[in-house]
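Read off the chains here:
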Amino acid sequence: MARTISYREALNEALAQEMERDESVIVLGEDNAGGAGSPGEDDAWGGVLGVTKGLYHRFPGRVLDTPISESAFVGAAIGAATRGLRPVAELMFIDFMGVCFDQIFNQAAKFRYMFGGKAETPVVIRTMYGAGLRAAAQHSQALYPIFTHIPGLKVVVPSSPYEAKGLMIQSIRDSDPVIFCEHKAMYDTTGDVPEDSYTIPFGEANVVRDGDDVTVVAIGRMVSVAEEAARELSTSGIEVEIIDPRTTSPLDEETILESVENTGRLVVVDEATPRCNLATDISALVAKEAFGSLRAPIEMVTAPHTPVPFSDALEDLYIPDAQRVANAVKSVAGWTR
Amino acid sequence: MTDTLSTAVSHELDENALLEAYRTMRTIRAFEERLHDEFATGEIPGFVHLYAGEEASATGVCAHLDGRDSIASTHRGHGHCIAKGVDVKAMMAEIYGKKTGSCHGKGGSMHIADLSKGMLGANGIVGGGPPLICGTALAAKQRGTGGVGVAFFGDGASNQGTTLESLNLASVWNLPAIFVAENNGYAEATSSSWSVAADNIADRAAGFGMPGVIVDGFDFFAVHEAAGEAVQRAREGGGPTLIEVKFTRYFGHFEGDQQTYRAKEVAEARAKLDCLKRFRARVTETGQVDAARLDAIDTQVADLIDAAVEEAKAAPKPTAADLETDVYVSY
Ligand SMILES: Cc1ncc(C[n+]2csc(CCOP(=O)(O)OP(=O)(O)O)c2C)c(N)n1
Ligand SMILES: [Mg+2]
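Parameters at a glance
- Residues numbered from 1 in each chain as written.
- Chains lettered and ligands numbered in written order.
- Predicted model: local features only at pLDDT ≥ 70, side-chain atom pairs only at ≥ 80, totals over all residues.
- Heavy atoms only, no water.
- Domains from an automatic or database assignment.
- Contact = heavy atoms within 4.5 Å.
- Buried area = accessible area lost by both parts, 1.4 Å probe.
- Polar contact = N/O pair within 3.5 Å; in protein donor to acceptor, adjacent residues only side chain to side chain.
- Helix = DSSP H or I, 4+ residues; strand = E, 2+ residues; numbered from the N terminus.
- Expected span 1.5 Å × (residues − 1).
- Buried < 20%, exposed > 50% of the residue type's maximum accessible area, 1.4 Å probe, protein only.
- 1 Å grid on protein atoms, 1.4 Å probe; cavity = no way out; pocket = protein on both sides within 12 Å on 5 of 7 lines; lining within 4 Å.
- Points joined across faces, edges and corners; volume = space filled by probe spheres on them.
- Nonpolar A, V, L, I, M, F, W, Y, C, P; charged D, E, K, R; others polar.
- Patch = residues over 30% accessible without salt bridge, like charges linked within 9 Å, V, L, I, M, F, W, Y side chains within 5 Å.
- Areas by Shrake-Rupley, 256 points an atom, 1.4 Å probe, with all protein chains shown as cover.
- Salt bridge = Lys/Arg side-chain N within 4 Å of Asp/Glu carboxyl O.

Enquirer: Residues and numbers for the domain arrangement of chain A, please.
Expert: Often the size quoted for an interface is simply the accessible area lost on bringing the parts together. All names here are of chain A. Entries for chain A in the domain assignment read domain 1 (2-194) and domain 2 (206-333). Centre-to-centre, using C-alpha coordinates, domain 1 lies 27 Å away from domain 2. The interface of domain 1 with domain 2 comprises 27 residues on the first partner and 26 residues on the second. Of the roughly 2,000 Å² buried where domain 1 meets domain 2, counting both sides, 56% is carbon and sulfur surface. Along the contact surface separating domain 1 from domain 2 lie 16 residue pairs in polar contact (both at pLDDT 80 or more). Elements with a contribution of two residues or more to the side of domain 1 that touches domain 2: α6 (144-148), β6 (154-156) and α7 (161-173).

Take a look at the structure:
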């Protein structure tokens, strides 16, 4: 039965159900067990995001706090994954990948290929991305394109509570390293989520909305931004088809191409900065594989090529919004040779 | 070797220096307590980490620094900024996200910086500062300025690879660097008695071939003396020092933190250990400073903070024209 719960609760439920089902699943990260060694209440925090709250008491010994040593504990999660555990490590903010990137991209990502197919590294690295909380340049980036760039990593960007739960369970069961990117402004977003365990397969995009006029591919939180734009556009007679790729690696190319073959027009909405991001990647795919179907130039709606500014006045201009998406859709819809 | 300094004597500081130290500590305290109140009204955006309770560290260390010297700070950086001379009004405006702020509203609380003052910035990355200070110390050494670099970092940051690598590098290169580990008992909700495997952070100095010192962080004079020795050694080519400053943070990890993981140590620290109270008691008892002069500073500081908040609130925000500037020097 589905109930309405938050993105945070959906993730917590996915972790709990998988820990219940499979003893080899462990959870680790800064304050994930609530703050080790502190004199007050146990499990006070559940990670800074509150996603792991309650797991510490339910699964004794399987929720570990860590010192602030990302290289060591993310690397430890990766090492443990090669030896029979299925660790879910929390790299609090995606920006902190800078501290531990070697363990992720030179170690975890490479093992299977480098070792001739002999390694399995079923680790999940949960991390929050995105702007909107006035958290400034080192706590707001949308860095999933960097992980997407690396062969050997799978990259998940869930766009709703329903997606978050199913994709998290799939991530834990998947036997490759998975970077699971949660948008920090979405933890309190609510939606219908089944109580029972379920998985959403990787590499299968979700067609969020059908429409014949323009294809809009949107990543993560940008899916809801695109939906907002679509509602407004519909009143002026433009029907948008919204595609949520769910995973940027693997990427469901087929669903995107099929949609563009029908609409002939593409807008990609990506919160990342504009160079070498998902917008350029998907645009290149479509330009190459569906060139003959295109009836207008492709539009990309992205952040500008700058760090994320602090001031609300600037951050609100930085983040792609429904107005910018609507403008891009109108410009491709109205384009004539 | 780790030494615990006994409570130090204050005779090296003349009246002006004492008044300056008091003004700095009072300014930090008033700045942070005001931010605590203003944050509660919902007007301040983003994450704000307050330094109240820890004033003696920034003040006692920075009292030895001048224009040749640089410091690197942390996410809890307001105190370090004030102690290194960053303009208080510009800091307040920055925290409010205003164009008149130290970083024109682009950085916010976690990134206040003033390179002209040798203040390399608060830092959103735990452990981000120590490597940079190896660099500023290297530059001072190569250029023969006599300057030193000071990295302030927390107990949590003391477990970061970047910090430990920097301690080693500073020794290997014999850099004029001082590493100030501010052990306030917690990294977020996690206790430093759990996360730091050694008994003391300063014990680690031995493994990196440098002196390690532990000081009572509520005692301005103890910090001042330990830092004075370390800065002098660094300036004279004697290499780096690790100073562990022990105290308690007065507020939550960030504003909004309910702090249920804590015991009741804050009330006790505020009542019995507080650096400002102890400083005042000491310098008035010894007759070095008249209490009325301290009271006058309290009033001046309160006025300054009032004006800073008022001006920050009234200041303009940056505009669309500012969004894409300052990414590069040239492009
Ligand atoms: C690399 C990195 N990891 C984690 C964090 C999140 N974080 C911010 S402050 C903090 C605790 C820092 O503790 P400590 O170094 O003791 O400094 P304090 O907050 O006590 O001043 C953590 C975990 C971060 N900002 N950067
Ligand atoms: Mg601390």
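Moving on from the model shown.
Enquirer: Describe helix α8 (residues 220-235) of chain B, and please don't skip the residues or the numbers.
Expert: Residues and elements named next belong to chain B. Taking 1.5 Å of rise per residue, 16 residues should cover 22 Å, and α8 covers 22 Å from first to last C-alpha, within 8% of that figure. Those residues of α8 not exposed but buried are Phe220, Phe221, Ala222, Val223, His224, Ala226, Ala227, Gly228, Ala230, Val231 and Ala234. Of the surrounding elements, those touching the buried residues of α8 are α1 (15-40), α2 (55-62), β4 (177-183), β7 (212-216), β8 (241-246) and α10 (275-285). Near the N-terminus of α8, the side chain that reaches the backbone nitrogen of Phe221, with its oxygen 2.9 Å away, is that of Asp219. One or two steps after α8, the chain reaches Gly237, where phi turns positive at roughly 90°.

Enquirer: Give me the layout of surface pockets: which residues, what numbers.
Expert: The space that makes up the largest pocket amounts to roughly 500 Å³. Partitioning the lining of the second largest pocket into residue classes produces 12 nonpolar, two polar and four charged.

Enquirer: Got a sec to walk through a nonpolar patch on the surface? Specific residues and values, please.
Expert: All names here are of chain B. Where nonpolar side chains cluster on the molecular surface, the patch consists of Leu169, Val172 and Trp173 and spans about 280 Å² of accessible area. With respect to the helices and strands, Trp173 occurs in the loop between α6 (161-172) and β4. Residue classification places Trp173 among the partly exposed residues on the basis of a relative accessible area of 41%.

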